[in-house]
Amino acid sequence: MTSNRVSILIVDDEPINLDIICAHLEDENYELVRANNGHEAWSKLEEDPARYDAIVLDRMMPDMDGMQLLNNIKDSDELEHVPVIMQTAKAASSDVLAGLKAGASYYLTKPYEGEILKSVIRGAVNGRLHEKSLLESLSEGRKIFDLMTFGRFRIHNLHQCNLVATQVAHLC
């Protein structure tokens with residue numbers, strides 16, 4: 001069931017970590033969905049990819065680790081734009097760089113403060129909601145042009161030419 005609230009998938013193989021993250025976020029009016037491992041998270045994401053506005057992902061898990069799940073997410077046309085907040089004890093700069101290069105939007109190293117987690121998630125969610133709003137606006141604009149059978153433009157200068165070309169490209 002999809003809710004009107006912001007929905008966040010929290011993935012961690014340690015139940016205590018899931019509890020801590022949820023405790024930090026319980027006053028934020030988010031729908032918090034838990035997954036105990038990468039396979040469970042991937043099943044939830046495949047089942048309803050439009051549901052989630054952000055994913056908080058542990059990097060080190062057995063079987064399907066966070067990096068593998070992140071790769072699956074970024075390879076999916078339906079999920080690639082969902083922001084992923086990677087959280088882990090792997091704090092070496094090479095680990096952080098690998099996570100960011102793989103597509104994590106944010107990388108938190110444990111232990112972190114709850115206010116930092118909330119701030120990072122708020123930023124990720126706001127960006128995602130803004131992106132969704134822009135996509136809806138573009139979709140509405142496309143609907144208008146689907147109704148058009150003929151169009152003519154009077155272009156008088158290079159600026160107008162660029163404007164029309166940009167808008168037509170967006171619609172396509």
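Notes on the structure in this doc start here. Every residue gets a number counted from 1 within its own chain, in the order that chain's sequence is written. Selection of residues for local features in this predicted model requires a pLDDT of at least 70, selection of side-chain atom pairs for listing and counting requires 80 or more, and totals for whole chains, interfaces and linings are taken over all residues. Water and hydrogen atoms play no part in the side-chain values, which are based on all heavy atoms of the structure.

## A closer look at the packing of helix α3 (residues 66-75) against helix α4 (residues 93-102)
(1) Moving on: Every axis in this analysis is a line fitted to C-alpha atoms, fitted for helices over the stretch in contact. Angles between the N-to-C directions lie between 0 and 180 degrees. A run of DSSP states H or I qualifies as a helix once it reaches four residues; a run of E qualifies as a strand once it reaches two. Both are numbered from the N-terminal end. At their nearest, the axes of α3 and α4 sit 9 Å apart, and the two run at 25° to each other. Taken together, the axes of α3 and α4 lie roughly parallel to each other. Of the residues in α4, those touching α3 at M67, L70, N71 and K74 are A98, G99 and A102.
(2) Moving on: Residue type decides the class: Asp, Glu, Lys and Arg count as charged, Ala, Val, Leu, Ile, Met, Phe, Trp, Tyr, Cys and Pro as nonpolar, and the leftover types, Gly among them, as polar. The residue makeup of the contact of α3 with α4, split by class, is four nonpolar, two polar and one charged. Convention used here: angles under 35 degrees read as roughly parallel, angles over 145 as roughly antiparallel, angles from 65 to 115 as roughly perpendicular, and any remaining angle as oblique. We call two residues contacting when some pair of their heavy atoms lies within 4.5 Å.

## Some details on α4
An α-helix turns once per 3.6 residues; consequently, residues spaced three or four apart project the same way.
(1) Moving on: All of the buried residues in α4 are D95, G99 and A102. Seen from one end, α4 has its buried residues packed into an arc of 70°, which puts them on one side. Across from the buried face of α4, at angles greater than 90 degrees, the exposed residues are S93, S94 and K101.
(2) Moving on: Check the buried side of α4 and you find it contacts α3 and β5 (106-109).
(3) Moving on: Positive phi appears at G103, one or two residues downstream of α4, with a value of about 120°. Note on exposure labels: buried denotes an accessible area under 20% of the residue type's maximum, exposed denotes more than 50%, and partly exposed covers the range between, all computed with a 1.4 Å probe on protein chains only. An arc is given here, and it is the one of the directions from the helix axis to the C-beta atoms.

So far we have only geometry, and geometry alone does not tell us how the molecule works.
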